[in-house]
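# Coordinate inspection notes
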Amino acid sequence: MAQVKVNIARRQYGVGKIWGAPLGTYTSTYAPEATNGKFDLGTTAATEVPGNVAALPVGITTEGMTFTRSIETEEDEAAEQYAPINVLVTGESAGLAFEMKTLNLTNLYFLFNAPPNQGADPDDTTAVDVVVPTPGDEVKHQWLWCSQDDSMLILLYSALNTGELSLSATKGAGGMNGAVDLQGTMPDASIAPTLFKIRVAGAKWAETVATD
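To start, this report covers the structure provided alongside it. (Residues numbered from 1 in each chain as written. Predicted model: local features only at pLDDT ≥ 70, side-chain atom pairs only at ≥ 80, totals over all residues. Heavy atoms only, no water.)

### Focus on the pairing of strand 10 (residues 152-161)
As a reminder, the rule being used: Relative accessible area decides the class of each residue, using a 1.4 Å probe on protein chains only: under 20% of the type maximum gives buried, over 50% gives exposed, and in between gives partly exposed. Only DSSP runs of H or I reaching four residues or more are called helices, and only runs of E reaching two or more are called strands; each is numbered from the N terminus. Two strands qualify as a pair provided that DSSP identifies no fewer than 2 bridges between them.
Counting buried residues along strand 10, 9 of its 10 residues qualify, which places the element largely inside the surrounding structure. Bridge count between strand 9 (residues 141-146) and strand 10: 5 bridges; the pairing is antiparallel. The partner of Trp145 across the bridge, within strand 10, is Ile154. Remark: 5 residues form the turn of the hairpin made by strand 9 and strand 10, two consecutive strands paired antiparallel; Asp150 in that turn has positive phi of roughly 60°. As paired strands, strand 10 and strand 12 (residues 196-200) are joined by 5 bridges and run antiparallel to one another. Bridge assignment links Leu153 to a residue of strand 12, and that residue is Arg199. Judged from the 3 bridges that link them, strand 10 and strand 11 (residues 178-184) form a sheet pairing that is antiparallel. Residue Asn161 lies in a different strand from strand 11, and its bridge partner there is Leu182.

### What to know about a negative patch on the surface
Basically, it comes down to this: Patch membership is restricted to residues that have no salt bridge and whose relative accessible area is over 30%. Joining uses 9 Å for like charges and 5 Å for the nonpolar side chains Val, Leu, Ile, Met, Phe, Trp and Tyr. With residues, only the protein chains shown are counted as cover, and all accessible areas are computed by Shrake-Rupley using a 1.4 Å probe. We define a salt bridge as a contact between a side-chain nitrogen of Lys or Arg and a carboxyl oxygen of Asp or Glu at a distance within 4 Å. As used throughout, the charge tally considers Lys and Arg to be positive and Asp and Glu to be negative, leaving His and the chain termini uncounted. We put the charge of a Lys on NZ, of an Arg on CZ, of an Asp on CG and of a Glu on CD.
Residues Glu74, Glu75, Asp76 and Glu77 make up a contiguous surface patch of negative charge. Note on Glu77: relative accessible area 57%, which makes it exposed.

### Quick word on the nonpolar core
Condition: In these notes, a set of buried Ala, Val, Leu, Ile, Met, Phe, Trp, Tyr and Cys residues joined through side-chain atoms within 4.5 Å is what counts as a nonpolar core. In what follows, a contact means two residues having at least one pair of non-hydrogen atoms within 4.5 Å.
Formed by 21 residues in total, the largest nonpolar core has its most connected members in Phe98, Trp143, Leu156 and Leu182. Listing elements by their share of this core, those giving two or more residues are strand 8 (86-100), helix 1 (105-111), strand 9, strand 10 and strand 11. The residues touching Leu182, leaving out its near neighbours within four places in the chain, are Ala94, Gly95, Leu96, Phe98, Trp143, Leu156, Ala159, Leu160 and Asn161. Ala21, Tyr30, Leu155 and Ala192 belong to the second-largest nonpolar core, a separate cluster that totals 15 residues.

### Digging into a nonpolar patch on the surface
Taken together, the side chains of Leu103, Leu165, Leu167 and Met176 define a hydrophobic patch exposed on the protein surface, amounting to about 290 Å² of accessible area. Looking at the element boundaries, Leu165 is found in the loop between strand 10 and strand 11.

### Section: the pattern of salt bridges
Tallied over the entire structure, the rule returns 4 salt bridges. A salt bridge links Arg199 to Glu33; its shortest N-O distance comes to 3.0 Å. Placement of Arg199 in strand 12 and of Glu33 in the loop between strand 1 (17-22) and strand 2 (34-35) is noted, with a sequence separation of 166 residues between them. Relative accessible area serves as the criterion here: at 58%, Glu33 is assigned to the exposed category. Here Asp149 makes a salt bridge to Lys204, at a shortest N to O gap of 2.8 Å. Of this pair, Asp149 sits in the loop between strand 9 and strand 10 while Lys204 sits in the segment after strand 12, and the two are 55 residues apart along the sequence.

The following block contains the structure:
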């Protein structure tokens with residue numbers, strides 16, 4: 001029996017990294033190049049920043065992220081045919097879901113669909129209120145994920161967190177986490193003409209079948 005050749009380099013492992021950013025931080029022209037098959041996202045201090053200092057790292061998660069994209073279709077049928085004579089695409093959706101384990105003021109603002117950097121940070125002698133937007137006043141953000149090996153980027157140009165907010169304080173190592181279920185929305189035309197962008201780098205992504 002013929003066997004499929006195995007090239008383990010074609011597999012993707014690890015959870016990668018996630019950043020949130022204000023709308024307009026990234027546009028369709030954002031297209032970082034790669035060195036030695038890896039995207040060079042740059043660094044500032046000890047924090048990796050994907051090409052723009054406005055991006056804020058989410059930190060650690062419980063189980064990584066899940067990116068989804070789906071289309072809605074409608075079948076065109078004729079009485080004289082058993083099978084549809086055409087299938088029309090009538091809609092598209094995209095989203096990103098993960099659960100934050102790092103909870104700080106920035107991530108709380110992301111959870112509540114509020115703009116980050118709203119004022120002074122709390123310290124050992126100063127407390128601040130978390131400014132939660134009233135329903136209808138939420139703001140959208142952009143989201144960028146980079147794979148563990150820095151060879152794949154997924155950019156969601158505009159999204160709202162539609163997940164149910166549930167902060168649990170429990171006994172044991174579980175700790176308090178924040179669920180994020182991002183629903184992509186069509187960005188302004190000045191940002192991008194699509195919901196998302198996927199960009200890959202390195203020979204491992206080549207279409208050739210000789211090395212598969």
